[in-house]
Every structure is written in C-alpha cells, then in structure tokens.
Amino acid sequence: MYGIRWPSVTIIFVNYNGAKLLGKLFERFLESIRSQEYRGKIEVIAIDNNSSDYSIDLIKQKIPEAKIIGLKENVGYVNAVNLGLGKATGKYIIILNNDIILSKNFVQKIIRRIKELESRTKKEVVLVPIQIVGEGNKILGTITVVNVLGQALHLDYLMPKQFFHRIYPKIPLSLIHI
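Residues numbered from 1 in each chain as written. Predicted model: local features only at pLDDT ≥ 70, side-chain atom pairs only at ≥ 80, totals over all residues. Heavy atoms only, no water.

(A) Quick look at the nonpolar core. In terms of nonpolar packing, the biggest core is built from 24 residues, with Phe 13, Phe 26, Leu 30, Ile 33 and Ile 111 touching the most fellow members. Elements with a minimum of two residues in this core: strand 1 (9–15), helix 2 (24–34), strand 2 (42–48), helix 3 (55–62), strand 4 (92–96) and helix 5 (106–121). Beyond its immediate chain neighbours, meaning those up to four positions away, Leu 30 contacts Phe 13, Leu 58, Ile 59, Lys 62 and Ile 63. Core analysis: the next-biggest nonpolar cluster, separate from the first, contains eight residues, Ile 12, Ile 47, Ile 69 and Ala 80 among them. (Core = buried A, V, L, I, M, F, W, Y, C linked by side-chain atoms within 4.5 Å. Buried < 20%, exposed > 50% of the residue type's maximum accessible area, 1.4 Å probe, protein only. Helix = DSSP H or I, 4+ residues; strand = E, 2+ residues; numbered from the N terminus. Contact = heavy atoms within 4.5 Å.)

Encoded structure:
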C-alpha cells in the first residue's frame, strides 16, 4: 500500500513467571516481538506481576528497549494491562498474551488492515482476535468490534456460539503462524 503513514504502535504484555512456566515458548514469544519487520516505531511495555523467576532478566536480554513495569505483588491480568495502557504512547495498542509466536510481519499486517478499514468506514476501528467470551453456550459483549478478517461482530446481545462456526473456516492460512 503506497502512501501509508506507519503510526507508532505499543505492544503490551503481562508476565507472571513466564520463564519458569513457559520455558522456551516465552523466549520465542519475546524473540518474535523483537524481530518484527514494521516500518513505524514499536514501543514494548512488559508488566511483570511479581515473578519469582528470571523473567525480567530474560525480557531485558531479548528486548533491551522494552519498558518494564515490575510490580511488588500480583495484581492480576486486567489491572496489569490497565497499568500498561496508562504508560502507552503508541497511536495503536496491541495487547498480547506471553505464550504466542508472532510472524515477522504481524504488526505490519495488522496496521495495514486497520488503515484499510478506517479508510473504508471513515471511523476508528478496533481489531480483536477471533475469540469466544461467554458463559455456557452464549456470547457476552456490549460493543461492536471488527475481527482480523474485517467482519463486524455486534456483541450487544446474547448470541449462540454456533454463530462463530461460520467464521473459522474463512481464516486464511497466512494469518496463522505455528
């Protein structure tokens, strides 16, 4: 896409004993952040929920420029993310779990997709992974979001989980990195 301005992006992740509990997967996660091929600036914020292992040292080693917020107690995932959000300076924010591996152009693809959708809709867009959040066989939610495929998901009512079965076969293999 020519003429696109590559905005700053903040990646936020929460950690609790990732080095001990996830081992090499945690290291690969950190390396996948470090190796992003993105034309804009990436800020990385790691919130450590009072780990007792060597996670903070590993984060410093793998992503030296990361801003690390080390907490004196485990405040839980949501509170830790909120702390990171308060420190974020990027135009766009990507919140990640510390047990996934990103393809080298993950951030580039996500920002390109957001820009395409914003250009088409003339509105700001929130991209979310395809996920099911709910109780029993119902989806719970209160806002309209767009998944990475550009499909609008109106979650302002209870929706049967079967609705999402139509979406999964449409995921292009290029979006899946194992």
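(B) Quick peek at the pairing of strand 4. Burial of the side chains of strand 4 is restricted to one face: Tyr 92, Ile 94 and Leu 96 are buried, whereas none of Ile 93 and Ile 95 on the reverse face is. Summarising the sheet, strand 1 and strand 4 pair through five bridges and their orientation is parallel. What sits directly across from Ile 12, in strand 4, is Ile 95. (Pairing = 2+ DSSP bridges.)

(C) Just helix 3, in detail. Where helix 3 is concerned, the buried positions are Ser 55, Leu 58, Ile 59 and Lys 62. Seen along its axis, helix 3 keeps its buried residues to an arc of 100°; they face one direction. Away from its buried face by more than 90 degrees, helix 3 exposes Asp 57 and Gln 61. Residues of helix 3 that are buried in the fold lie against strand 1, helix 1 (18–22), helix 2, strand 2 and strand 3 (67–70). (Arc of directions from axis to C-beta.)

(D) Structural context of the pattern of salt bridges. Inspection of the entire model under this criterion finds six salt bridges. In this structure, Glu 116 and Arg 113 form a salt bridge, with 3.4 Å as the shortest nitrogen-oxygen distance. Here Arg 113 and Glu 116 lie together in helix 5, a separation of three residues that amounts to about one turn. Looking at Arg 113, the relative accessible area reads 21%, which means it is partly exposed. Taken together, the shared-partner salt bridges connect Lys 24, Glu 27, Glu 31 and Lys 62 into one network. (Salt bridge = Lys/Arg side-chain N within 4 Å of Asp/Glu carboxyl O.)

(E) Here's a closer look at the environment of Leu 58. Here Leu 58 lies in helix 3. Note on Leu 58: relative accessible area 5%, which makes it buried. A C-alpha to C-alpha distance of 7.5 Å links Leu 58 and Ala 19, two positions 39 residues apart in sequence.

(F) How the structure looks around the sheet that holds strand 1. Read across the sheet, four strands follow the order 3-2-1-4 without closing on themselves; strand pairing throughout is parallel. With one partner strand each, in any of the chains shown, strand 3 and strand 4 form the two edges of the open sheet. Adjacent strand axes in the sheet meet at a mean angle of 20° when their direction is disregarded. As defined by bridge partners, strand 2 adjoins strand 3 across four bridges and the pair is classed as parallel. Bridged to Ala 46 within strand 3 is Ile 68. (Axes fitted to C-alpha atoms, helices over the stretch in contact; angles between N-to-C directions.)

(G) Structural detail: the packing of aromatic side chains. On inspection of all chains with the given rule, the structure shows three aromatic pairs. Ring geometry for Phe 13 versus Phe 29: centroids 4.9 Å apart, planes at 85°, classification edge-to-face. Residue Phe 13 is found in strand 1, and its partner Phe 29 is found in helix 2; the two are separated by 16 residues along the sequence. Residue Phe 13 shares its accessibility class with Phe 29, and that shared class is buried. On the basis of an interplanar angle of 25° and a centroid distance of 6.4 Å, the ring pair of Phe 26 and Phe 29 is categorised as stacked. (Phe/Tyr/Trp six-rings, centres within 6.5 Å; stacked < 30°, edge-to-face > 60°.)

In short, the description is geometric, and any link to function would need to be established separately.
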